[in-house]
Each structure stands twice: as structure tokens, then as C-alpha cells.
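Chain by chain, the residues run as shown.
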Amino acid sequence: MSQLPTFSMLIDGKLVQAANTLPVTNPATGQVFANAPDASPAELDLAVDAARRAFPAWRETPLARRAELLAKFGQVLAANIPVLQGLLTQEQGKTLSDAATEVGIASFWSQAVAAMPIPETVNEDNETRFSVTKHVPLGVVAAIVPWNFPLGVAIWKLAPALLTGNTLVLKPSPYTPLATLKMGEIARDVFPPGVLNIISGGDQLGPQMTEHPGFDKVSFTGSTATGRRVMQSAAATLKRLTLELGGNDAAIVRPDVDVVEVAPKLFWSAFANSGQICIATKRLYIHNDIYDELSAAIAEVARGVKVGDGSDESVQLGPVQNRVQYDRVVDLITDCKKNGLRFLTGGEVDESADGNFIPISLVDNPPDDSRVVAEEAFGPLLPLLRYTDDDEVVRRANDTPYGLAGSVWSRDIKAAAELAERLDTGTVWINECQYIVPNAVFAGHKQSGIGVEHGVEGLLEFTVPRTIVRPAV
Ligand code: NAD
């Protein structure tokens, strides 16, 4: 019998085991190191039922009290960084330092959202009539999370859903359920029973949630392909939807940059978390005048970065999180080779290694229609592309079904800002990347998403407006 540690789900304020379990693999070693509950449809029903029963009282709980509990939840996370950090590194592969940062951000985010106001609009206030629009909660929310930032992305849903008065059933990815389940265990007493439920399960559980008639909304982060399926299945009961999906973000580097200064920044904009970030730089357009110098400088940075097991403190980048994703990236590398493309670094994968390790791979100016440019790699693989003028690079950067984010790099901030205005994406950064804060709205254009997260607009996605019109008194 297995002696592996097992974890519990949080349902109705109680820690619950499932009849079946799922093995959880450490991507750095290929070894199964724990078991997570594999929720059955009956256990999903229990979680939805608990959330439904908790909803009326939670909705009536004053906003100030809900905010107080959410802030307390954030404090509990901060007090438990070591345990959550260790689990994140083991299950996700990221370095210990990145794992601590993720828990820290989850803590900060809960507390920041707790301080946000829910706006009301007075539409009319005169001698005859008073009209006000308030934003009331939807009911029970299903939160479905990917494996790249298990806690970070979970909190992006948990905090606004609970602050606005909804109750929640949260499901982590089957690849990375443990830190999320542990979070439920250590914070199980913070909210009243049933307000926050956390369940885990295999591939069947996500579709069972999106089809379940007991949910009023699905907040989903994951790939565009899965997003389409979520939308289809939510149609049956017209659930509200927020879909944060894939991206193929362009970084555009103008010829006036300081090459030495920007090379490491551009490198990390693409390769942090081993490239497994929705808003990572995934196509790097470099002006022809500096292409050779800057690509050599980025390759030099890449050669100095240590890839390995994230639990080794000298390691800077961990493995790819799971074998399916690893195979996808290896397939793109193989396709590059088949088409005679040149690698500036990397490109040779030791497929006999135990962990999902792929060397940092930079592809030298592949054609725009190559798969490495057109597809989201979501791993340590980046195409570097030459361009010669603004109109051309804007056209090429926008020539994608995605529209999540992007960045422009230049000493001339005004020129960079003008270029930023021409990118069809929800966010554009200038001379930085991946800066996301609780009070600025985050949205995917085109097939990168539907709806928004963060900012007041993100809060309101968990509500429905109610306008009350009454005689003046
Ligand atoms: P995924 O779509 O495979 O899975 C995401 C989640 O959906 C998991 O919890 C999974 O179990 C669940 N799921 C799978 N099939 C489902 C279905 N039919 N119905 C309901 N749920 C289902 O994505 P992933 O591989 O875990 O994550 C990587 C992708 O996520 C990348 O494309 C990345 O760009 C994207 N992502 C986007 C953002 C954003 O904010 N836009 C953030 C992080 C990741």
C-alpha cells in the first residue's frame, strides 16, 4: 500500500477525503510524491450544495465584515509561506524563491482586494424620484485554475468572488492540487462553512463543474482550446463566464535601446517560470540595426542561467511542469529542426532525463508562418525575429488570434507609447513586462479571453447590477 502523504478537500468547513485519489508527480524528478483526492460527482454535489446553503447568509454579511475575513485569509497565507512554498516547488517545479514570491503575492492580493470599494451609481436624485444601481452577487462561482501559478491564479478568483458576496468552489489543476488543498486546510476556519470549498480531481472534474446546474458563474483560466469547451458547456444554463486564456505576446525592441541593460530584462520577460506564463514574451521582435548585437547578448544571458530542480537554491529555472506540456515544447523544437531553423542556444533535449528539463532555446529569426512563431509554446523556447519599420512590426505583432499583452522597449517613451496604442492587446508595457496589480483591469482581446479580471471592472464580473427606482422621500 502506498505510504505517500494524502491531502484533503475543504467542503462545508470540513476536511474531506475522496474514495479515489490522484497521484501527484514532481516534475523535477518524475517521481510520484503525494496523492490528492479525486472528487466523484457526488463529492462535487456536496461542495456545490454547501456553497448554495452558505450563500444567503454570506450575501447578507456586511461588506466590511467580508472584507475583514478576506484580509485575514491573506494574513494566514503570509504566516504559512514555508509550507505552501515547499509544496509549490515540489508539485509545480518552480524555484523555492519564486514559490515564496507566489504565496506572498497571493497574500498581498487578498488584502488589496479586501480594501476595494464596490461602486454604486446614483442615476437620479431629485424632488420626485431616486434611482440607484447597486451590484449584487451572482450566487455560487466555479473557479477553475491552471498549473502555472496554482495559488496566484486561484486568489485572482477567490478574492473578488468572496468580497462581492458570492460563495465559491475552487478547483486546481490535476497536476498541481496540493498547495491549493493545503491552503484550504490551513485557512479552513477563516470563512463561515461553505463559503470557500476546495475540491480536486482528474480531467473529468472540470467539465462536470461547467455543466453543473448549481453554479451561477464560471471563472476560468487556462488554454484557449479549453476555454472554447467551457463556453460551450456553460451555455446550457447560461452561466456567467470569465475566460482568461492563452497568449502569444510580442515584445518589440526599437533600435535606440541600451542593449546591455535590456538584454537580461528581455530574457526574464520570456523565461521566468520557464516560459510558463500567459503574459510571457513569446515573440521577440528586434530592430534589424541591433538584431545581431542584442540576440548575442540575450544568448549570453541564457548561457549563464542554471536550469534544474527548483528545490536546489542555486537553480534559477525549474523544469516544465508536466509531460504533456514538455512533449508539446519538444514537438515545436523538433519542427524547428525539421525546417532547418537555427538555434542560438538550446535545441538539444535529453529525453532520457527523469525530470521534464528542456534547455533554454532561442530560435534565430524563423519565418512568421513557422509553428514556433504562430503557436504559444508555453515553455523555455523563444523565437527572435528581425524587423525594419514600425508599420511592419505592428502588422506582424497583431497577426495572431491572440491578444493578451505585449511590450515595447525604447529610450524614446513617446514613440514607444505611440507604438503601444497600435497593439491589439489588453495590456502593453513599456520597458518592462508582466506588471499586474489588483486595481488595474486585465483583459484579453480576441481569443485571449472574454470578460476581465482585476480592477473595479474585474470585481463587478462577480456581480449583477440591480437598479432600484423609488419616489423621493
Ligand atoms: P488547461 O486549459 O489545460 O487547463 C486549465 C484548467 O481547466 C485545469 O484546472 C483543467 O483541469 C481544467 N479543464 C480542462 N479541461 C476542461 C474542460 N473541458 N472543462 C472545464 N475545465 C477543464 O490549461 P493549462 O495547460 O492548465 O494552462 C496553460 C494555459 O493557460 C496556457 O494557454 C496559458 O496561456 C493559459 N493561462 C492564461 C492566463 C490568463 O490570465 N490569461 C493565466 C495563466 C495561464
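Undergrad: How would you explain the site of the ligand if you had to name every residue and give the values?
TA: With respect to spatial proximity, 28 residues lie near the ligand, and among them Val145, Trp147, Thr226, Leu245 and Glu376 are the closest. Tryptophan 147 places a polar side-chain atom, nitrogen or oxygen, 2.9 Å from an oxygen atom of the ligand. At 3.5 Å from a nitrogen atom of the ligand is found a main-chain nitrogen or oxygen belonging to proline 207. Out of a free accessible area of 850 Å², the ligand has 90% covered by protein chains. Elements with a minimum of two residues in the shell around the ligand: helix H7 (205-211), strand E10 (217-221) and helix H8 (224-234). Here the shell around the ligand is built from residues that sort into 14 nonpolar, ten polar and four charged. When residues of the shell around the ligand are sorted by domain, at least three fall in each of domain 1 (9-245 + 448-471) and domain 2 (250-437).

Undergrad: Could you give me a rundown of the packing of aromatic side chains, with the residues and numbers involved?
TA: Within this structure, the stated rule accounts for eight aromatic pairs. For the pair phenylalanine 73 and phenylalanine 191, a centre-to-centre distance of 5.5 Å together with 40 degrees between the ring planes defines the contact as tilted. Note that phenylalanine 73 is positioned in helix H2 (residues 63-79) and phenylalanine 191 in the loop between helix H6 (178-186) and strand E9 (196-198), a separation of 118 residues in sequence. Assigned by exposure class, phenylalanine 73 and phenylalanine 191 land together as buried. Seen from their ring centres, phenylalanine 267 and phenylalanine 271 are 4.8 Å apart, and the 25 degrees between their planes marks the pair as stacked. Here phenylalanine 267 pairs with phenylalanine 271, and both are found in helix H9 (residues 259-271), just four residues apart, close to one helical turn. The same class applies to phenylalanine 267 and to phenylalanine 271, which are both buried. These aromatic residues form a ring-pair network of at least three members: Phe108, Trp109, Trp156 and Phe442. A cation over an aromatic ring shows up here: arginine 323 above the ring of tyrosine 326, its NZ or CZ 4.0 Å from the ring centre.

Undergrad: Please set out the sheet that holds strand E5 (residues 121-125) residue by residue, giving values where relevant.
TA: The strand order E5-E6-E22 describes an open sheet built from three strands, whose pairing is antiparallel. Of all the strands in the sheet, the pair left with one neighbour each is E5 and strand E22 (463-471). Going across the sheet, the axis of each strand differs from the next one's by a mean of 20 degrees, ignoring polarity.

Undergrad: Lay out the packing of helix H3 (residues 81-92) against H6 with the relevant residues and their values.
TA: Relative to each other, H3 and H6 sit at 160 degrees, their axes nearing to 8 Å. One finds that H3 runs roughly antiparallel with respect to H6. Taken as a pair, H3 and H6 cross one another with a handedness that is right-handed. Along the contact surface, H3 presents Val83, Leu84, Leu87, Leu88 and Glu91, while H6 presents Leu178, Ala179, Lys182, Met183 and Ile186. When its residues are assigned to classes, the contact of H3 with H6 shows eight nonpolar, no polar and two charged.

Undergrad: Can you tell me about the environment of glycine 165, naming the residues and giving the values?
TA: Looking at the secondary structure, you find glycine 165 in the loop between helix H5 (150-163) and strand E8 (167-171). Placed 170 residues apart in sequence, glycine 165 and aspartate 335 show a C-alpha to C-alpha distance of 49 Å. In contact with glycine 165, other than residues within four places in its own chain, are Phe55, Trp58, Arg59, Arg66 and Pro137.

Undergrad: For the side chain of lysine 217, give the residues involved together with the corresponding values.
TA: Within the secondary structure layout, lysine 217 lies in strand E10. In this structure lysine 217 comes out as buried when scored by relative accessible area, which is 1%. Among the polar contacts made by the side chain of lysine 217, one reaches the side chain of threonine 242 at a distance of 2.6 Å. Among the polar contacts listed, one links the side chain of lysine 217 to the backbone oxygen of glutamate 461, at a separation of 3.0 Å. In contact with lysine 217, other than residues within four places in its own chain, are Leu138, Val140, Val141, Ala142, Lys239, Arg240, Leu241, Thr242, Glu461 and Phe462.

Calculation criteria
Residues numbered from 1 in each chain as written. Predicted model: local features only at pLDDT ≥ 70, side-chain atom pairs only at ≥ 80, totals over all residues. Heavy atoms only, no water. Near = heavy atom within 4 Å. Polar contact = N/O pair within 3.5 Å; in protein donor to acceptor, adjacent residues only side chain to side chain. Areas by Shrake-Rupley, 256 points an atom, 1.4 Å probe, with all protein chains shown as cover. Helix = DSSP H or I, 4+ residues; strand = E, 2+ residues; numbered from the N terminus. Nonpolar A, V, L, I, M, F, W, Y, C, P; charged D, E, K, R; others polar. Domains from an automatic or database assignment. Phe/Tyr/Trp six-rings, centres within 6.5 Å; stacked < 30°, edge-to-face > 60°. Buried < 20%, exposed > 50% of the residue type's maximum accessible area, 1.4 Å probe, protein only. Lys NZ or Arg CZ within 6 Å of the ring centre and 35° of its normal. Pairing = 2+ DSSP bridges. Axes fitted to C-alpha atoms, helices over the stretch in contact; angles between N-to-C directions. Parallel < 35°, antiparallel > 145°, perpendicular 65-115°, else oblique. Left-handed = near helix turned anticlockwise from the far one by under 90°. Contact = heavy atoms within 4.5 Å.

So, to be careful, I would describe these as geometric facts and stop short of saying anything about function.
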